[in-house]
Amino acid sequence: MKLVPLFDRVVLKQLVAEETTKSGIVLPGQAKEKPQQAEVIAVGPGGVVDGKEITMQVKEGDQVIYSKYSGTEVEVEGEKLIVVKQSDILAVIE
């Protein structure tokens, strides 16, 4: 099954969270923060959303930083993905 986003939506796959701090302390499951970095898996076509023309600024394979509490989590074939609006993406990591 392939997930194809509509309009200005983007499908993201979260990057793995760090399990140890820089000083070497191992973090238990509850102490780990939800990572805000992700890889773009699929991009919608853009188009007219709320009367405004939207052109997509990200592409598949980009690594991005997105808003902490944005998007909808979905599970496709055992893989956890997040569907967000393009406006919830804060930056592209180069």
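Criteria and thresholds
- Residues numbered from 1 in each chain as written.
- Predicted model: local features only at pLDDT ≥ 70, side-chain atom pairs only at ≥ 80, totals over all residues.
- Heavy atoms only, no water.
- Helix = DSSP H or I, 4+ residues; strand = E, 2+ residues; numbered from the N terminus.
- Buried < 20%, exposed > 50% of the residue type's maximum accessible area, 1.4 Å probe, protein only.
- Contact = heavy atoms within 4.5 Å.
- Areas by Shrake-Rupley, 256 points an atom, 1.4 Å probe, with all protein chains shown as cover.
- Salt bridge = Lys/Arg side-chain N within 4 Å of Asp/Glu carboxyl O.
- Core = buried A, V, L, I, M, F, W, Y, C linked by side-chain atoms within 4.5 Å.
- Polar contact = N/O pair within 3.5 Å; in protein donor to acceptor, adjacent residues only side chain to side chain.

*Asks:* So, the overall build of the protein: which residues are in play, and what are the values?
*Replies:* A count of helical and extended segments in the protein gives zero helices and eight strands. The linear arrangement of helices and strands in the protein, starting from the amino end, is β-β-β-β-β-β-β-β. The proportion of buried residues among the 94 residues of the protein is 24%. Look at the contacts in the protein between residues 6 or more apart in sequence, and 64% of them connect residues 24 or more apart. Within the structure as shown, the protein displays about 6,700 Å² of accessible surface, and the carbon and sulfur contribution to it stands at 52%.

*Asks:* Got a sec to walk through the pattern of salt bridges? Specific residues and values, please.
*Replies:* Going through the model one piece at a time under the given rule, you end up with three salt bridges. For E79, the salt bridge identified is with K13, shortest N-O distance 3.0 Å. Linking E79 in strand β7 (residues 79–85) with K13 in strand β1 (residues 9–14), this pair joins segments that are 66 residues apart in sequence. Two residues, K59 and D62, come together in a salt bridge whose shortest N-O distance is 3.1 Å. Using a relative accessible area of 54% as the deciding quantity, one classes K59 as exposed. By relative accessible area, D62 is classed as buried at 11%.

*Asks:* Quick one: what's the story with the nonpolar core, residue by residue and with numbers?
*Replies:* Formed by V10, L12, A38, V40, V58, V64, Y66, I82, V84 and I89, the largest nonpolar core amounts to 10 residues. Looking at this core, the elements with two or more residues in it are β1, β2 (37–43), β5 (63–66) and β7.

*Asks:* Break down the side chain of S70 for me, citing the residues and quoting the values.
*Replies:* Examined against the element boundaries, S70 turns out to sit in the loop between β5 and β6 (72–76). Of note is the side chain of S70, whose polar atom sits 2.9 Å from the backbone oxygen of S67. Dropping the residues within four chain positions of it, S70 is found in contact with I82, V84 and D88.

*Asks:* Lay out the environment of V76 with the relevant residues and their values.
*Replies:* Take V76: it is sitting in strand β6. On a C-alpha basis, the gap between V76 and L3 in space is 7.9 Å, while along the polypeptide they are 73 residues apart.

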